[in-house]
Amino acid sequence: MKKVLVSDPLPDSALTELRRYSIVDVKTGASANELRAIIGEYDALIVRSQTQVTADIIEAGKKLQIIGRAGVGVDNIDLDAATERGIIVVNSPTGNTTSAAEHSFALMMALARHIPNANASLKSGKWERSKFVGSEVRHKTIGIVGLGNVGAEVARMALGMDMNILGYDPFISADKAERLHIKTVTLEELFKNSDFITLHIPLLDSTRGLIGKKQLDMMKDGVRIINAARGGLIDDQALLEALQSGKVGGAAIDVFEVEPCTDSILFQSDKVIATPHLGASTKEAQDMASTQVLDQIIDVFNGKPARFSVNAPRVPADAMAVITPYFTVANAAGIIASHFGKGQVKEIVIKYEGELSKHDSKALKAMVLSAMLNRITEEKASTVNAEKMVANRGIKVIEQKVDEVDDYEGLLTVEMHTTEGIVTVSATMMRNEPHVVRINDFWLDFVPQSSGNFLFVEHKDQPGLVGAVGRITGESNINISHMLLARLEPRGRALMIMTLDEIVAEDQRQRILQLPDIKSAMSMKF
Ligand code: NAD
Ligand code: MLT
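Residues numbered from 1 in each chain as written. Chains lettered and ligands numbered in written order. Predicted model: local features only at pLDDT ≥ 70, side-chain atom pairs only at ≥ 80, totals over all residues. Heavy atoms only, no water.

## A few points about the sheet that holds strand 16 (residues 421-430)
What counts, and what does not: When DSSP locates at least two bridges between a pair of strands, those strands are taken to pair. Strands are runs of DSSP state E lasting at least two residues, helices are runs of H or I lasting at least four, and both sets are numbered from the N terminus onward. Simply put, an axis is a line fit to the C-alpha atoms, just over the touching stretch for a helix, and the angle between two N-to-C directions goes from 0 to 180 degrees. Any two residues whose heavy atoms approach within 4.5 Å are treated as being in contact.
The sheet built from 6 strands is open, its strands ordered 14-13-15-16-17-18 with mixed pairing. Looking at which strands have only one partner, the edges of the open sheet turn out to be strand 14 (396-402) and strand 18 (442-446). When strand polarity is set aside, the average angle formed by the axes of neighbouring strands in this sheet is 20°. In the sheet, strand 17 (residues 433-439) pairs with strand 18 via 3 bridges, with the strands oriented antiparallel. Each residue of the ladder has a partner; that of valine 436, found in strand 18, is phenylalanine 446. Of the strands in this sheet, strand 15 (410-418), strand 16, strand 17 and strand 18 are in contact with helix 14 (residues 326-340), which crosses strand 16 at around 160°. Across the sheet, helix 15 (residues 362-373) touches strand 13 (345-354), strand 14 and strand 15, and the angle it forms with strand 13 is around 140°.

## Concerning the environment of lysine 176
By secondary structure assignment, the location of lysine 176 is in helix 8 (residues 174-179). Residue contacts for lysine 176: discarding those within four places in its chain leaves Leu147, Asn392 and Arg393.

## Structural notes on the site of ligand 2
To keep things clear, this is the line we draw: Any residue with a heavy atom positioned within 4 Å of a molecule or strand is treated as near that molecule or strand. The definition of a polar contact used here is a pair of N or O atoms within 3.5 Å, where within protein one atom must be able to donate a hydrogen and the other to accept one, and adjacent residues in sequence count solely through side-chain atom pairs. Using the Shrake-Rupley algorithm and a 1.4 Å probe, accessible areas are obtained, with residue cover drawn only from the displayed protein chains. Here the term charged refers only to Asp, Glu, Lys and Arg, the term nonpolar to Ala, Val, Leu, Ile, Met, Phe, Trp, Tyr, Cys and Pro, and the term polar to all other amino acids, Gly among them.
Looking at ligand 2, the residues that line it are Arg48, Ser49, Arg69, Gly71, Val72, Gly73, Asn96, Arg230, His277 and Ala280. Here an oxygen atom of ligand 2 and a side-chain polar atom of arginine 69 are 2.9 Å apart. Separating an oxygen atom of ligand 2 from a side-chain N or O atom of arginine 230 is a distance of 2.8 Å. In isolation ligand 2 has 260 Å² of accessible area, and contact with the protein removes 91% of it. Each residue belonging to the shell around ligand 2 can be placed in one class, and the counts come to 2 nonpolar, 5 polar and 3 charged.

## Notes on the environment of histidine 339
The topology assignment puts histidine 339 in helix 14. Placed 61 residues apart in sequence, histidine 339 and leucine 278 show a C-alpha to C-alpha distance of 34 Å. With residues near it in sequence (within four places) discarded, histidine 339 still touches Arg375, Met522, Ser523 and Met524.

## So, the pairing of strand 1 (residues 2-6)
Let me state the cut-off plainly: Relative accessibility decides the category of a residue: with a 1.4 Å probe and only protein chains considered, values under 20% of the type maximum give buried, values over 50% give exposed, and everything between is partly exposed.
Across the 5 residues that make up strand 1, a large majority, 4, are buried. In terms of strand pairing, strand 1 meets strand 2 (residues 22-26) through 5 bridges, oriented parallel. Note on strand 2: the bridge partner recorded for lysine 3 is isoleucine 23. Bridge analysis of strand 1 against strand 3 (residues 44-47) gives 3 bridges, and the strand direction is parallel. Counted as the bridge partner of valine 6 is isoleucine 46 from strand 3.

## Quick word on the nonpolar core
Our working definition: Note on terminology: a nonpolar core comprises buried Ala, Val, Leu, Ile, Met, Phe, Trp, Tyr and Cys residues joined through side-chain atoms within 4.5 Å.
Grouped together as the largest cluster of nonpolar side chains are 51 residues, with contacts concentrated most on Ile336, Leu412, Phe446 and Phe456. Per-element tally for this core: the top contributor is helix 14, with 10 residues. Dropping the residues within four chain positions of it, phenylalanine 446 is found in contact with Ile336, Pro434, His435, Val436, Ile439, Phe454, Phe456, Leu484, Ile497 and Phe526. Listed in part, the 29 residues of the second largest apolar core include Leu187, Ile197, Leu199 and Ile225.

## Quick look at helix 11 (residues 236-245)
Every buried residue of helix 11 is listed here: Ala238, Leu239, Leu240, Ala242 and Leu243. Looking at the packing, one finds that the buried side of helix 11 touches helix 10 (213-218), strand 10 (223-227), strand 11 (248-253) and strand 12 (272-274). A side-chain oxygen of the first residue of helix 11 lies 3.1 Å from the backbone nitrogen of glutamine 237; this N-cap is aspartate 235. Glycine 246 sits one or two positions beyond helix 11 and adopts a positive phi of about 95°.

## A short note on the packing of aromatic side chains
Put simply, the test is: Stacked, edge-to-face and tilted labels apply to pairs of Phe, Tyr and Trp rings (six-membered ring for Trp) whose centres lie within 6.5 Å, assigned for plane angles under 30 degrees, over 60, and everything in between, in that order.
Scanning all chains against the criterion turns up 5 aromatic pairs. Centre to centre, the rings of phenylalanine 256 and phenylalanine 267 are 5.9 Å apart; their planes meet at 80°, and the pair counts as edge-to-face. Of this pair, phenylalanine 256 sits in the loop between strand 11 and strand 12 while phenylalanine 267 sits in the loop between strand 11 and strand 12, and the two are 11 residues apart along the sequence. Assessed through its relative accessible area of 11%, phenylalanine 256 is described here as buried. With 5.7 Å between their ring centres and 75° between their planes, phenylalanine 446 and phenylalanine 456 make a pair best called edge-to-face.

## Thoughts on a negative patch on the surface
How we decide: Like charges within 9 Å and nonpolar side chains (Val, Leu, Ile, Met, Phe, Trp, Tyr) within 5 Å are joined into patches, using only residues over 30% in relative accessible area that form no salt bridge. Salt bridge criterion: a side-chain nitrogen from Lys or Arg within 4 Å of a carboxyl oxygen from Asp or Glu. Positive charges come from Lys and Arg, negative ones from Asp and Glu, while His and the chain ends are left out of the count. Positions of charges follow a simple convention, taking NZ of Lys, CZ of Arg, CG of Asp or CD of Glu.
Taken together, the side chains of Asp403, Glu404, Asp406 and Asp407 define an acidic patch exposed on the protein surface. Judged by relative accessible area, which is 76%, aspartate 407 ranks as exposed.

## Here we look at the sheet that holds strand 7 (residues 164-168)
Read from one edge of the open sheet, 7 strands run 8-7-6-9-10-11-12, paired in parallel fashion. Two strands in the sheet have a free side with no partner beyond their single neighbour: strand 8 (183-184) and strand 12. The pairing of strand 6 (residues 141-145) with strand 9 (residues 196-199) spans 4 bridges and is parallel. Within strand 9, the residue paired with isoleucine 142 across the bridge is phenylalanine 196.

## Topic: the side chain of serine 194
Among the secondary structure elements, serine 194 is positioned in the loop between helix 9 (187-193) and strand 9. Using a relative accessible area of 0% as the deciding quantity, one classes serine 194 as buried. Here glycine 143 takes part through its backbone nitrogen, which lies 3.5 Å from a polar atom of the side chain of serine 194. Among the polar contacts listed, one links the side chain of serine 194 to the backbone oxygen of leucine 190, at a separation of 2.7 Å.

## So, the pattern of salt bridges
Following the criterion strictly, the structure yields 24 salt bridges and no others. Close ionic contact of arginine 493 with aspartate 441 constitutes a salt bridge, the shortest N to O distance being 3.3 Å. Taken together, the positions of arginine 493 in strand 21 (residues 493-500) and aspartate 441 in the loop between strand 17 and strand 18 put the pair 52 residues apart, joining distant regions of the chain. One continuous salt-bridge network, built from bridges that share partners, spans Lys3, Asp25 and Glu41.

## Quick word on the side chain of threonine 428
Its location among the elements puts threonine 428 in strand 16. Polar side-chain contacts of threonine 428 include one of 2.5 Å to the backbone oxygen of glycine 410.

See below:
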């Protein structure tokens, strides 16, 4: 019989069905060493957010077939290590959506009506009715950053409360936003015009510190901010100062960069309401998230595919020889297209030409989409779930096949249609290496090898500009191993692609952006 280890608290009732198929051991609160010592006996591991499933624990889990995360974020699981070891990782993307949205809403109402402070005051023997005059949320503007599962649910609730809804999420279609009565705006517009701002985005390199002093300064006086997504999205020190100056009227925080957290600097302010990561802490959410995960474990034990797998790529056996090398091509094309795309995505077109057109393209399509999605979602996209994630966002994917192609044996082209235009990226295989041959109007040839760090700079062709960028990388001790320049005409639109030994840090990228005639500077890894 299969053996399952449950290392974080789950409702016992949810485990009943699983016990019919396997021996289930519940050992919560184990240290990393203890876990490493016992994991070798188990076929499945089920966690919530506390257990850190690191590469060495995965390595020690010699029999592990599946890891289940009873929640959304898989940031506590080393996905690459699991995928490398062929371990299926599954999560529950929607099990706690309602609870997280309701908690965010409860925090917003508590801020609007001073409920925690009024409760404390009354219980300390005071009757202070005038001190706790609040504000209605009706007809106020709520700004929702991140319109995935939780953000969309918050929008539905806000609509019911007669609020005006502003939303920002680069990966949602205009149709879906319209259906939810959300006016999509830029992040800056959202910050400037909202009475309440609520975050529902993952913590990624691109979202860490999303709200800092600059963003707080542009907000309305007295704005109230809610974060029940992930710690690290807001700069705590800047928020504390904005609360102390009165710029921010109140903040409600459910999540912290390091958890458990009992001594945040934010606790100094009585305008802060704090809860210990309770977004998903309802009986219903825990039951549903556990059930979604346990059902998948039973399916996998029974040889069926997992419904919400976050890894596990699949290639049809007869297409392996041709398709497998194009995975790196598809990955690079997806990453580049998602970086170059601006505005809301409406449609993605994937074109397979030459030898590619003759095979099942499902796996490549999934690879392109997961590469695009992985830049923006913590709900780790993989070849298994990317198509569904894109469909859920109301984005159309069109595939086109063309038998013949000049100059190449096979060519894969990604077109990303957004509200701001079309981004086109074409790539191929040559000499057993992936080659990117087109980015928008630029025909070029470079190898997106996975070991390199890449800097893409759109600029105006003119003397001295390459040197100016090189000076910044040089001063930062970043070594350039290769450089490519493409331009449309002399002194016209140009693109510089640098392959670097070291990664360009955000402050260096910002310095490059300050140079005259630079349109964009994008750091990428493949
Ligand atoms: P989701 O993946 O469905 O949605 C996340 C959305 O964020 C996506 O639509 C994505 O396009 C968008 N996004 C990514 N980067 C963005 C950016 N820079 N600006 C704007 N939008 C961006 O995830 P979800 O289920 O809605 O959860 C949202 C977050 O809340 C996750 O971090 C999740 O882990 C967290 N969460 C917390 C609790 C809790 O207990 N407090 C419970 C559930 C979820
Ligand atoms: C999640 O990512 O699902 C939430 O943070 C809740 C949890 O960790 O259980």
